[in-house]
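The lines below spell out each chain.
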Amino acid sequence: AEDGYDLWLRYRPLPADSATTYRANVSQLILPDATPTQAATRAELLRGLSGLLGSTPSVSTSVSADGAVIVGTPASSPLIAGLRLKLQGLGREGYLIRSVSVGGHRATVIAANEDVGALYGAFHFLRLVQTAQPLAALDLRQAPHVQLRVLNHWDNLDRHVERGYAGESIWDWHKLPDYLDPRYTDYARANASLGINGTVLNNVNANALSLTPMYLEKAAALAGVFRPYGIRVYLSARFSAPIEVGGLKTADPLDPQVQRWWRDKADEIYKVIPDFGGFLVKANSEGQPGPQDYGRTHADGANMLADAVKPHGGVVMWRAFVYSHEEPDDRAKQAYSEFVPLDGKFRDNVIVQVKNGAIDFQPREPFHPLFGAMPKTPLMMEFQITKEYLGFATHLAYLGPMYEETLEADTHRRGKGSTVAKVVDGSLHKYALTGMAGVANIGSDRNWSGSQFDQANWYVFGRMAWDPSLKARPIAEEWTRMTFSNDADVVKPIVEMMMGSREAVVDYMTPLGLHHLMGNGHHYGPGPWVSGGPRADWTSVYYHRANRDGIGFDRSASGSNAVAQYAPPVAREFGDIKHVPEKYLLWFHHVPWDYRTQSGRTLWDELVHRYTHGVDSVKQMEQAWNGLDGRIDAERHAQVATFLAIQHKEAQWWRDASIAYFQTFSQRPLPEGQAPPA
Ligand code: GCW
């Protein structure tokens, strides 16, 4: 069935004429299969090429005709050893793909230093065929720019996925370790096709039971499935586990018994998972336990765990998403205030994981001020792939432009051009450890991600984790070609839809720098009126601050002065209402309703205009998609069409509810041509 299960690895037959051309370039495969990774590489190439070309290429040991594809490492393939390719600089995971001549025959070589590099190269080669690229004169070199490219699953042991909109967790803990659902292999293939090399299996709001022998055995079984695909398993560690499952009285990181407990635990884990990646930790945030419960710092906590995994080569990914409602200051400032003083105090196998923005995965946030501000501590990016604040699975929002916007942002910490991407890839501060995490949108739905288009968000995350300088548009095109069609009449409208989709969501939910206006708790649908409740920083009124005078959160020098956490040129830009980019206007300023915006409209009129524009953009997406009826298989077309209709209805809901609510403050009429809320 065309239900989307195959993701972007569809391998459906190419049109007859191009299949003929490709067959001439892929007449035989020469590749080893002595190791599990080699076997996986061979299986993928056979599966992909036979699907795409309509016939299975022969596997041989020597080049006997034009069109051989030779895959491997100097150690695994005598042919590759003989070619004396320049593999230096490719590292463990890099590869090259090159058109060569062997014994007078045209051939393509996919070569790497290690098996996993050859696997990545094989996926790249398949992608070239899938996206209808020429194979005649190839000369490609690729190596990842980021070391740890990991998915974070917020999956609970009862299979509920926190902020998951694609069904229950794919980890079937009950049937593990003995039953290995074939889906685990498909998960590994999909990740390896992007170069994702790590997965944190359990929620950062962690259950200490995941560290008990019974669950470790299950995690080890998954690690066994993923290993041939170059993917390591990590676990979220609950900081109070020494108490909960260790029977200790404290989890104080400076207590020798606690330190010993974690060391023993690490030893135990590495016995069953020898290549265990390490721990991810959410501590002293949203009520989670942490070192501050004992008067210790984040560094004390992280270093204790780092010492425990160090002898085994493990790392600790310590999250900077910390805030507490007991802290009266602007929530946006808290992570920076707590972490910057700790710069240089972490062990060398600790990496601090920072969300893209300082609040929480909003449709649009300015880059987190921590990026660039901790030159002596490796920082990794945390993006959210699951769309907690962007309409869950039914609203189409391609997140490539959002990731790109953050990665391109200039921190100015080492002068102009000090982009977030250069912090993340380590080049700005010469970090020895680099990483990018994505909060997964994966569940048991047949289509994995809850919708067809949400697969693109998994895809673009993986591609940008490999190389943070990649751009959203070419990745959207690549994904569309693999997922839907190479036909220009299909590719073009879909890429346009995707590229405009996130901006549409920003417009109908949180235009002009507004943020956190979603329904309380679930975060679905409009709730700008949300107030009261257990904590101010979970209410919308805390963030929009609308009153008779105007709207927006003053984070300039006259307000919380959060702008001072940025480098001076950025602080000046954001802190000055005349210079702040309009997309961040109400993030940093409380602005009078009659303020003139760049369009010449007053702020109130501009706000209404943006809300309406968001709805109109969804209408256009709907029309574009409906125009593709018959060009895409009926099952996927119908599902997307229905989801777009839902999105259209709900964009209107967002607009009408938001305008009606804000109008109670602005006390101004709707601008001309803007229908009153239905
Ligand atoms: O985005 C918020 C979510 C919480 C989440 C938290 C976090 C895992 O609403 O569900 O908890 O952030 O990132 O820790």
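Values in this document were obtained by computation on a predicted structure and should not be read as measured data.

## Looking at the environment of V640
Then step 1. Within the secondary structure, V640 is located in helix α20 (residues 634-666).
Then step 2. Along the primary structure V640 and N626 are separated by 14 residues, whereas in three dimensions their C-alpha atoms are 9.4 Å apart.
Then step 3. Non-local contacts of V640, meaning those with residues more than four positions away in its chain, are made with Q452, F453 and W625.

## A word on the site of the ligand
Then step 1. As a structural note, the neighbourhood of the ligand is formed by W154, E162, R163, V204, N205, K282, E286, F321, D360, F361 and E388.
Then step 2. Considering only residue class, the shell around the ligand consists of four nonpolar, one polar and six charged.

## Here we look at the confidence of the model for the protein chain
Then step 1. Scored by pLDDT, the protein chain has a mean of 97; 100% of the residues are at 70 or more.
Then step 2. On the interface metric, ipTM, the complex scores 0.99, and its pTM is 0.98.

## Points about the nonpolar core
Then step 1. Judged by nonpolar contacts, the single largest core of 209 residues is most densely connected at I110, L305, V316 and L370.
Then step 2. In contact with L305, not counting residues within four places along its chain, are A237, W262, F279, V281 and V316.

## Some words on helix α14 (residues 472-483)
Since the α-helix advances by 3.6 residues per turn, residues separated by three or four positions end up pointing in the same direction.
Then step 1. The terminal C-alpha atoms of α14 lie 16 Å apart, and with 12 residues this matches the ideal 16 Å at 1.5 Å per residue to within 8%.
Then step 2. Where burial is concerned, most of α14 is hidden: nine out of the 12 residues are buried.
Then step 3. Where α14 is concerned, the buried positions are A472, I475, A476, E478, W479, T480, R481, M482 and T483.
Then step 4. Those residues of α14 that are buried are in contact with α4 (115-130), α11 (400-408), α13 (455-466) and α15 (488-509).

## Some details on the packing of α11 against α14
Then step 1. Orientation of α11 relative to α14, taken along the N-to-C sense of each, is 150°, at an axis distance of 9 Å. Taken together, the axes of α11 and α14 are roughly antiparallel relative to one another. Both α11 and α14 take part in a crossing whose hand is right-handed. For the pair α11 and α14, the contacting residues are G400, P401, Y403 and E404 in the first and A472, I475 and A476 in the second.
Then step 2. When the residues that make up the contact of α11 with α14 are grouped by side-chain class, the tally is five nonpolar, one polar and one charged.

## Considerations on the domain arrangement of the protein chain
Then step 1. Domain annotation for the protein chain reports domain 1 (16-142), domain 2 (148-238 + 317-338 + 349-483) and domain 3 (506-553 + 590-666).
Then step 2. The C-alpha-based centres of domain 1 and domain 2 are spaced at 30 Å.
Then step 3. Those elements that provide at least two residues to the side of domain 1 that touches domain 2 are α2 (36-53) and α4.
Then step 4. Looking at which element gives the most residues to the side of domain 1 that touches domain 2, the answer is α4, with six residues.

## Topic: α11
Then step 1. By the criterion of burial, α11 is predominantly enclosed, with seven of the nine residues buried.
Then step 2. Every buried residue of α11 is listed here: G400, P401, M402, Y403, E404, T406 and L407.
Then step 3. Summarising the contacts, the buried residues of α11 are in contact with β13 (379-384), α12 (420-424), α13, α14 and α15.

## Remarks on the sheet that holds strand β4 (residues 95-102)
Then step 1. The strand order β2-β1-β3-β5-β4-β6 describes an open sheet built from six strands, whose pairing is mixed. One side of each edge strand has no neighbouring strand; the edge strands of this open sheet are β2 (58-59) and β6 (139-142).
Then step 2. As paired elements, strand β3 (residues 68-72) and strand β5 (residues 105-111) share five bridges and run parallel to each other. Residue pairing across strands places A68 opposite A107, the latter belonging to β5.
Then step 3. Where α4 meets the sheet, it contacts β3, β4, β5 and β6, and its direction lies at approximately 75° from that of β4.

## Some points on the UniProt feature "domain: Glycosyl hydrolase family 67 C-terminal" (unreviewed entry) in the protein chain
Then step 1. What UniProt calls "domain: Glycosyl hydrolase family 67 C-terminal" (unreviewed entry) maps, in this numbering, to residues 450-674.
Then step 2. The straight-line gap between the two end C-alpha atoms of residues 450-674 is 34 Å; of that span, 53% is helix and 2% is strand.

## Digging into the packing of α13 against α14
The relative placement of two packed helices comes down to the angle between their axes together with the axis-to-axis distance.
Then step 1. Taken N-terminus to C-terminus, the directions of α13 and α14 make an angle of 130°; their axes are 10 Å apart at the nearest point. Here α13 is positioned oblique relative to α14, judged by the angle of their axes. At the point where α13 passes α14, the crossing takes the right-handed sense. Contacts between α13 and α14 pair Q455, A456, Y459, V460 and R463 from the former with A472, I475, A476, W479 and T483 from the latter.
Then step 2. When grouped by side-chain class, the residues that make up the contact of α13 with α14 number seven nonpolar, two polar and one charged.

## Quick notes on the environment of G230
Then step 1. Relative to the helices and strands, G230 is located in the loop between α6 (213-226) and β9 (232-236).
Then step 2. Sequence-wise, G230 and D115 are 115 residues apart; in three dimensions their C-alpha atoms are separated by 9.0 Å.
Then step 3. Sequence-distant contacts of G230, defined by excluding residues within four places in its chain, comprise V116, L119, A192 and N197.

## Comments concerning the sheet that holds strand β10 (residues 278-281)
Then step 1. Within the closed barrel, the eight strands sit side by side as β7-β8-β9-β10-β11-β12-β13-β14. Their pairing is parallel. Adjacent strand axes in the sheet meet at a mean angle of 25°, parallel and antiparallel pairs treated alike.
Then step 2. Where β13 and strand β14 (residues 435-439) come together, four bridges link them in parallel fashion. By the bridge assignment, Q384 is partnered in β14 with V439.

## A look at the pairing of β4
Then step 1. Inspection of the sheet shows β4 paired to β6 by four bridges, in the antiparallel sense. By the bridge assignment, Y95 is partnered in β6 with Q142.
Then step 2. Across seven bridges, β4 lies against β5 in antiparallel orientation. Bridge assignment links S101 to a residue of β5, and that residue is R106.

What counts and what doesn't
Residues numbered from 1 in each chain as written. Predicted model: local features only at pLDDT ≥ 70, side-chain atom pairs only at ≥ 80, totals over all residues. Helix = DSSP H or I, 4+ residues; strand = E, 2+ residues; numbered from the N terminus. Contact = placed C-beta atoms within 7 Å. Near = placed C-beta within 6 Å. Nonpolar A, V, L, I, M, F, W, Y, C, P; charged D, E, K, R; others polar. pLDDT = per-residue confidence, 0-100. Core = buried A, V, L, I, M, F, W, Y, C linked by C-beta atoms within 7 Å. Buried ≥ 20, exposed ≤ 12 C-beta atoms within 10 Å, placed from the backbone. Expected span 1.5 Å × (residues − 1). Axes fitted to C-alpha atoms, helices over the stretch in contact; angles between N-to-C directions. Parallel < 35°, antiparallel > 145°, perpendicular 65-115°, else oblique. Left-handed = near helix turned anticlockwise from the far one by under 90°. Domains from an automatic or database assignment. Pairing = 2+ DSSP bridges. UniProt positions renumbered as here; feature names shortened; annotations may be inferred.

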